[in-house]
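Observations on the three-dimensional arrangement
These are the residues of each chain, in order.
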Amino acid sequence: MTDRGNRGLKSTVDWRIVIYYLLLVLIGFINIYASIHSSEPSSIFDFSVRSGKQFVWILTGIVLATLILFVFNPRLWEVISIPSYLIILVLLVAVIFVGSDVKGSHSWFNFGPVSFQPAEVSKIATSLVLATIMSKTNFKMSNMKDLLLVAAVIALPMLIIVAEKETGSALVYLGFIFVLYREGLSGWFLFLIGVIILLFILTLTTSIYTALIVLAAIASLCYSIYSGKPKRWIWADVPAILVLIFLPKFNLPFNPLYIYLALTGVQAVRMAYRSFRQRKFITFATLVAFLLGIGIVFSTEYIFNNVLQDHQRSRIEVLLGMKDDPAGVGYNVNQSKIAIGSGGLFGKGFLQGTQTTYGFVPEQSTDFIFCTVGEEWGFVGCLIVILLYVFLIYRLITDAERCRDQFTRIYGYCVASVIFMHLFINIGMTIGLMPVIGIPLPLLSYGGSSLWSFTVLIFIFVALYRQEKKYF
Amino acid sequence: MTLDRKNKILIGLGVVAAILLVKLFSIQILDQQYKIDASNNSMVYDIIYPTRGVIYDRNGTILVGNKIAYDIQVTPREVKSFDTLALADALNVSVDFIRERMAEYKKNSRRIGFQSVTMLKQVPSETYIRFAEVQYKFPGFKGHVRSVRDYPVNAGGNLLGYVSEVDADYIRKHEGQYRSGDYAGKTGIEAAREEDLRGEKGYKIYIRDSRNQIKTAYQNGEMDKEAVAGRNITTTIDAKLQQYGQELMKNKVGSVVAIEPSTGEILAMVSSPGIDVEMLSDIGQYYNQISNDPYKPMFNRTVQASYPPGSVFKLVNGLIGLQEGVLTPDRQYPCNRGYAYSGSRKLGCHGHRSPLNLEEAIMMSCNGYFCYVLKSILENKKYDNVPEAFDVWREYVTSFGLGSSLGSDFPSELGGNVPTSSYYSKIYGRNGWRFATIVSLSIGQGEMGVTPLQIANLCATVANRGWYITPHIVKASEGIEIDPKYYERNYTKVDTNEFKKVIHGMWRAVNEPAGAGGTAYAAAIPGLDLCGKTGTAQNPHGADNSVFICFAPQDNPKIAIAAYIENAGFGATWACPIASLMVEQYLTGEIRPERKYVEDRILNANLMPNR
């Protein structure tokens, strides 16, 4: 070992990440106690209730973190990444058949008093595998084969988890797109995904026709900008789109959709011909994207009505304001908003919250733990919690950027993406920005499975980063 | 700082965090609605129900009082596992009942929340005491004291009316006055004076703390409201007479209405078959049974049934003839078993001597005589034509309170029907009808409908010699005012003098010795000076209806009564003894021994038609 290799703990471990971790875990512990104390008043350390159990998870989590930091060789993670990913895939499939049924989803193994959710661990394994594959020297994001491989690595566990009926956990995998973006994926892909989500929402809330017009507008605008002729868009495409917008106002004897399809059909043939003659990739890409968009719009209705389950459908309907249902599906969100909203600026104080204790808010100590934060600690508490997450993610990203080792950098982005997705979906759900999909708030929500996997996820990075500092 | 991909991602992170914080800021600090919703969630209203006003009869006897009943309430969230069998035993219900209920609460647990729901209503006190002894074994179950109606006198369900829980429709109609779970009088006296009887609800507001325990009274109880008990009502009903009428009318279809002529106060009002008072206090339980009964006990015949008045209407025609000057008391008309009004068509009459004068015609209820009377009214040379004369006749008739609702304070009173000339002109053409067309109106048949209350009022009008006070059921008493119209006399268009001649005929109908031809001799009670008029109204739906009106004594009458028995044949056979027994009971307080056989015959008679 060189001199630099003997740098002390103080300078090699990123203590800021550790402090953010400890603060979030502590906040979670306090709020879990607050959320259950009304129905089961007892000591915060009573092991028969959730706060006491969480205390055990926290202590063991810290032990786990210490082991990862100081005992295991950080090189181990890269070595075991592919085998562990494959094992996890097997477990993910197996749990569908042997797992116990928790509210309709089959994602938990039950071993007597201990239960275990492979979906939690699979986030770690997937992150490690992504880092392994993408840090190979001959890996190139622009190479179609490499891109497809990476897409498959992400999509495989995601689809199995959808089959387990854990849609929320599956959504988290969409976050890996940020990692791909950082590593060279074209920004157009992010843009495409945004457009797809927009089309989905438009088709459901307005009509197929409106969604198609928006699609045409976006596609033509992108095409003109990219081919350097934005003025042509204004005088040629905008009028055509305006005509299409006002078509339904005239009582045509037939569906205006046919005019739209006829127009775009002519345009598509023109573009296909031009892309063939001029060999312009952008023309071809626009055409494909546009036709894909039409396909998405038409299949949205099918997906919505036939692929999604009833409760998912109604949650999306409530979120998009298509259904007003404060007593039914909207009930959880409404009560959760009442709890958070009643907190005001400084909150009602520790253990003084009333809303979360009347049982109006479901899953108070797990998925809806943020309600307790909002009610008892107010806007200030929410601000602190969100800032802690933002600092944590910021640290992860800047640390990752500092690494010369690609594996560490990519893994760091994976961790940041996973935490970010959980943060946005979970808090968004409690304040009515996202549909109610049950995923935990990292480090705060009650549950050993979740706490441990986030601990491992984060501390593998801290260990890798420490390694980096030691030897470079 | 360059805009590389790392920084773009960090900007994205910042934007998302900002979105979350802006939304949080808006619901936590800008929007006050969530704080209001939250305090609504934490406030507990404990409603205090007032006791309903007591209903007294005219002599201070309680017709409707209150008694204590117990509801068994459950707070499903507080229920621990318990011995279903033991609870079923204590509450005297089946095990399945409890299981079903608990399953139901579990299903609706989100809606119920921490509230209590009523599992059993109106448990008798013996059962409640047994439950109270073992209550500690069943956390979450408790007894809730409630005051329910009590009926010490069988005064008939239709008169008293029932009180039941308000439904959505009722709440909408009385906006702002009721909430679901409240009770209100729906029919009869309970409905007539609902606003006085109901009182005002009170409430206590408590705040739940963060442990969901009721912590303190909200603002030290300053916002609480005391319940105000309902006002007591004194009715015009005579409890004894009403109860006697109920007994006499048992197993008969029809009604009896008695009025004090000098005040217009309704003394008794019996509709039979009616709702049994035993069923009233828990009407919901019997509702199906009552509404499926072919005799329609819900239907209050006294104010809602419209019958042809029959022969009692001859009095009105006679009085109009006298007033119009086309008839004198001594005028005689022949009757040969009827009156031939159009060629071979004849309105029949029973056998009696002929010719008769007015008094005798009333006493013997001659049909022919009154055909001549109406003919002379309608063909009066004073008027240009029959329709014009008919309108004059109709004005007289309506001045007796017929043809439209009297305006009593009893709910859902209907008005019956007296036809107008335009009604006939529409059918027959302006000049297409004459007396012969409407001959049956002479004897109170044809296109006429009156309610028993209107016939009783007619009787009171005759007893008063030409005026009536609108019949009513509530007396003014402390805190209770009644409409001034219940003090005003309504005069008919016939002079007081003319009534004397008719009344004597009514006296003779009752008091002439048997065999003299008086139709109502069965009603004669020595010393009571009864005046009466029988009627046998043809009924399009079956056997004739039996009608009798009478008042007593002849001078300064104390009671006027109308009895209307459906499908019972001659007025003299059933309606007459029932009315006379009630008069005797009211005026003397007893039935004299020699008339006991009449009473027995009525009490034992079953005149219910098979349906």
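Read on for an overview of the structure. The structure displayed is predicted, hence computed values, not measured ones. (Residues numbered from 1 in each chain as written. Chains lettered and ligands numbered in written order. Predicted model: local features only at pLDDT ≥ 70, side-chain atom pairs only at ≥ 80, totals over all residues. Heavy atoms only, no water.)

1. Considering the packing of aromatic side chains
Short version of the rule: Planes of paired rings set the category: under 30 degrees apart is stacked, over 60 is edge-to-face and the rest tilted, where pairs are Phe, Tyr or Trp rings (Trp by its six-membered ring) whose centres lie within 6.5 Å. Secondary structure elements follow DSSP: runs of H or I of four or more residues count as helices, runs of E of two or more count as strands, with numbering from the N terminus. Each residue is placed in one exposure class: buried if its accessible area under a 1.4 Å probe, protein chains only, is under 20% of its type's maximum, exposed if it is over 50%, and partly exposed if it falls in between.
Under the definition given, this model contains 33 aromatic pairs over all chains. Aromatic pair A:Tyr21 and A:Phe459: ring centres 4.9 Å apart, planes at 90°, arrangement edge-to-face. With A:Tyr21 in helix 2 (residues 15-36) and A:Phe459 in helix 18 (residues 448-471), this pair connects stretches of sequence that are 438 residues apart. By relative accessible area, A:Phe459 is classed as buried at 3%. Judged by centre distance (6.3 Å) and plane angle (50°), the ring pair of B:Phe400 and B:Phe499 falls under tilted. Remark: B:Phe499 occurs in helix 21 (residues 496-511) and B:Phe400 occurs in the loop between helix 18 (386-398) and helix 19 (421-428); sequence separation between them is 99 residues.

2. A look at helix 10 (residues 208-226) of chain A
An α-helical segment advances 3.6 residues per turn. Residues three or four places apart therefore align on the same side. Just so we agree on the cut-off: Each residue after the first adds 1.5 Å to the expected span of a helix.
When the terminal C-alpha atoms of helix 10 of chain A are compared, their 27 Å separation across 19 residues agrees well with the 27 Å that a helix rising 1.5 Å per residue should span. Among the residues of helix 10 of chain A, A:Tyr209, A:Ala211, A:Leu212, A:Ile213, A:Leu215, A:Ala216, A:Ile218, A:Ala219, A:Ser220, A:Cys222, A:Tyr223 and A:Ser224 are the ones counted as buried.

3. Here we look at the side chain of B:Arg595
The test is simple: Here, two residues are considered to be in contact whenever any of their heavy atoms come within 4.5 Å of each other.
The residue B:Arg595 is located in the loop between helix 22 (575-588) and helix 23 (596-604) in this model. Ignoring any residue separated from it by four or fewer positions in sequence, one finds B:Arg595 in contact with B:Ala522, B:Ala523, B:Ala524, B:Ile525, B:Ser580, B:Leu581 and B:Glu584.

4. A closer look at the state of the cysteines
All names here are of chain B. Put simply, the test is: Only a pair of cysteine sulfur atoms within 2.5 Å counts as a disulfide in this structure description.
A full pass over the atoms with the stated rule returns 0 disulfides over all chains. For the unlinked cysteine Cys366, the closest cysteine sulfur is that of Cys335, found at 3.6 Å. Its sulfur unpaired, Cys459 is 6.2 Å from the next cysteine sulfur, which belongs to Cys550.

5. Looking at the interface of chain A and chain B
Which entries qualify depends on this criterion: Buried area, as used here, totals the accessible surface that two parts lose on assembly, with accessibility defined by a 1.4 Å probe and the loss added over both. Salt bridge, as used here, is a side-chain nitrogen of Lys or Arg placed within 4 Å of a carboxyl oxygen of Asp or Glu. Pairs of N or O atoms within 3.5 Å make up the polar contacts considered here, provided that, within protein, one atom can donate a hydrogen while the other can accept it, and that residues adjacent in sequence are counted only when both atoms are side-chain atoms. Side-chain classes follow a simple rule in which Ala, Val, Leu, Ile, Met, Phe, Trp, Tyr, Cys and Pro form the nonpolar group, Asp, Glu, Lys and Arg form the charged group, and the remainder, Gly included, forms the polar group.
Of the residues lining the interface, 51 residues belong to chain A; the matching set on chain B comes to 31 residues. With both sides pooled, the region where chain A packs onto chain B buries about 3600 Å², and carbon together with sulfur makes up 71% of that total. Linking chain A to chain B there are 0 salt bridges. On inspection of chain A and its partner chain B, the count reaches 6 residue pairs in polar contact (both at pLDDT 80 or more). Elements supplying a minimum of two residues to the side of chain A that touches chain B: helix 8 (176-182), helix 15 (330-341), helix 16 (369-402) and helix 17 (406-430) of chain A. No other element matches the 13 residues that helix 16 of chain A contributes to the side of chain A that touches chain B. Classifying every residue of the side of chain A that touches chain B gives 27 nonpolar, 21 polar and 3 charged.

6. Observations regarding the environment of B:Gly221
Residue and element names in this part refer to chain B. Checked against the element boundaries, Gly221 lands in the loop between strand 9 (214-217) and strand 10 (233-234). The partly exposed category is assigned to Gly221, whose relative accessible area is 22%. Once the C-alpha coordinates of Gly221 and Ile205 are considered, the two residues, 16 residues apart in sequence, prove to be 7.0 Å apart.

7. A look at the packing of helix 17 of chain A against helix 18 of chain A
Residues and elements named next belong to chain A. How we decide: Simply put, an axis is a line fit to the C-alpha atoms, just over the touching stretch for a helix, and the angle between two N-to-C directions goes from 0 to 180 degrees. In these notes the angle categories are as follows: under 35 degrees is roughly parallel, over 145 is roughly antiparallel, 65 to 115 is roughly perpendicular, and the rest is oblique. Here is the rule for handedness: rotate from the far helix to the near one, and if that takes an anticlockwise turn smaller than a right angle the crossing is left-handed, while a clockwise turn gives right-handed.
Packing of helix 17 against helix 18 leaves a shortest axis separation of 10 Å and a crossing angle of 150°. On the basis of their axis angle, the class for helix 17 and helix 18 is roughly antiparallel. In this structure, helix 17 crosses over helix 18, and the sense of that crossing is left-handed. Residue-level inspection shows Phe407, Thr408, Tyr411, Gly412, Val415, Val418, Ile419 and His422 of helix 17 in contact with helix 18, the latter providing Phe454, Val456, Leu457, Ile458, Ile460, Phe461, Leu464, Tyr465 and Glu468. Classifying every residue of the contact of helix 17 with helix 18 by side-chain character gives 13 nonpolar, 3 polar and 1 charged.

8. A few points about the nonpolar core
Formally: Nonpolar cores are built from buried Ala, Val, Leu, Ile, Met, Phe, Trp, Tyr and Cys residues. Side-chain atoms within 4.5 Å join them into one set.
In terms of nonpolar packing, the biggest core is built from 119 residues, with A:Phe370, A:Tyr411 and A:Ile458 touching the most fellow members. If one sorts the elements of this core by residue count, helix 16 of chain A sits on top with 16 residues. Dropping the residues within four chain positions of it, A:Tyr411 is found in contact with A:Ile124, A:Ser127, A:Leu128, A:Ala131, A:Val456, A:Leu457, A:Ile460, A:Phe461 and A:Leu464. Listed in part, the 104 residues of the second largest apolar core include B:Ile290, B:Tyr307, B:Ile443 and B:Val462.

9. A word on the pattern of salt bridges
Evaluated as defined, the whole model comprises 36 salt bridges over all chains. Its salt-bridge partner being A:Asp405, residue A:Arg75 comes within 3.9 Å of it at the nearest N-O pair. Placement of A:Arg75 in helix 4 (residues 75-98) and of A:Asp405 in the loop between helix 16 and helix 17 is noted, with a sequence separation of 330 residues between them. Look at A:Asp405 and you get buried, because its relative accessible area is 18%. A salt bridge links B:Arg101 to B:Glu104, with the nearest nitrogen and oxygen atoms 3.8 Å apart. Here the residue B:Arg101 and the residue B:Glu104 both occupy positions in helix 4 (residues 95-107), the gap between them amounting to 3 residues, near one helical turn. B:Arg101 gets classed as partly exposed once you look at its relative accessible area, which sits at 25%. You can call B:Glu104 partly exposed: its relative accessible area is 40%. One continuous salt-bridge network, built from bridges that share partners, spans A:Asp14, A:Arg16, A:Arg395, A:Asp399 and A:Arg402.

10. Things to note about the pairing of strand 3 (residues 62-74) of chain B
All names here are of chain B. Going by this rule: Any two strands with at least two DSSP bridges between them are considered paired.
Where strand 2 (residues 55-56) and strand 3 come together, 2 bridges link them in antiparallel fashion. Within strand 3, the position partnered with Tyr56 by the bridge is Ile62. One ladder, built from 4 bridges, connects strand 3 with strand 4 (residues 117-123); its direction is antiparallel. Along strand 4, the bridge assignment pairs Val74 with Val117.

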